Amino acid sequence: PFVSDLKIIISNMIWMMFFLSGVIVDINSFPPELKKYFMLNPMAVMIDEFRKVVLHYQMPDFGRIAAISLISLAFLVFGFFIMKRNDSKYPKLFE
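Cut-offs used in this document
- Residues numbered from 1 in each chain as written.
- Predicted model: local features only at pLDDT ≥ 70, side-chain atom pairs only at ≥ 80, totals over all residues.
- Heavy atoms only, no water.
- Core = buried A, V, L, I, M, F, W, Y, C linked by side-chain atoms within 4.5 Å.
- Buried < 20%, exposed > 50% of the residue type's maximum accessible area, 1.4 Å probe, protein only.
- Contact = heavy atoms within 4.5 Å.
- Axes fitted to C-alpha atoms, helices over the stretch in contact; angles between N-to-C directions.
- Helix = DSSP H or I, 4+ residues; strand = E, 2+ residues; numbered from the N terminus.
- Parallel < 35°, antiparallel > 145°, perpendicular 65-115°, else oblique.
- Left-handed = near helix turned anticlockwise from the far one by under 90°.
- Nonpolar A, V, L, I, M, F, W, Y, C, P; charged D, E, K, R; others polar.
- Phe/Tyr/Trp six-rings, centres within 6.5 Å; stacked < 30°, edge-to-face > 60°.

Trainee: Help me out: how do you make sense of the nonpolar core in this one?
Mentor: One broad rule of soluble globular proteins: the nonpolar side chains tend to lie buried together. Core analysis: the largest hydrophobic core is formed by 6 residues, namely Ile-27, Phe-38, Met-39, Ala-44, Val-45 and Ile-68. Not counting chain neighbours up to four residues away, the residues in contact with Ala-44 comprise Leu-20, Ser-21, Ile-27, Phe-38 and Met-39.

The following block contains the structure:
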């Protein structure tokens, strides 16, 4: 209700992050100066760790997974508080 085009923006960003995550192409095949930018995408890190386990029979880097989990949890809590704070402003469609 606050921004009418937010759905379109989020949808396009999710598609962009999908193609930049390493699902199609292995990120490790890129030069190191480009790889560091791709690794800013949390799904790229998770896919890279998954490939380590499945394709290379290596243990995942639990530090990277924990960092992503903590950042995701922080965003979840932040989003929850934003939703609670603006709850009275959202239209009540299902009541």
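This is not the end of the story, as more comes after the structure.
Trainee: Would you mind going over the packing of helix H3 (residues 42–56) against helix H4 (residues 62–85) with me for this structure?
Mentor: When two helices pack together, you describe them by how their axes are tilted relative to each other and by the distance separating the axes. Across the interface, H3 lies against H4 with an axial gap of 10 Å and an inter-helix angle of 150°. In terms of orientation, H3 lies roughly antiparallel with respect to H4. The chirality of how H3 crosses H4 is left-handed. Together, Pro-42, Val-45, Met-46, Asp-48, Glu-49 and Lys-52 of H3 and Arg-64, Ile-65 and Ile-68 of H4 make up the contact between the two elements. Of the residues that constitute the contact of H3 with H4, the class distribution is 5 nonpolar, no polar and 4 charged.

Trainee: Would you mind going over the packing of aromatic side chains with me for this structure?
Mentor: Aromatic ring pairs are defined here through the distance separating the ring centres and the angle between the ring planes. Counting across every chain of the model gives 5 aromatic pairs. Plain terms: the ring middles of Phe-18 and Phe-19 are 5.0 Å apart, the flat faces sit at 70° to each other, and that makes the pair edge-to-face. In this structure Phe-18 comes out as partly exposed when scored by relative accessible area, which is 32%. What links up through ring pairs into an aromatic cluster is the set Trp-15, Phe-18 and Phe-19.

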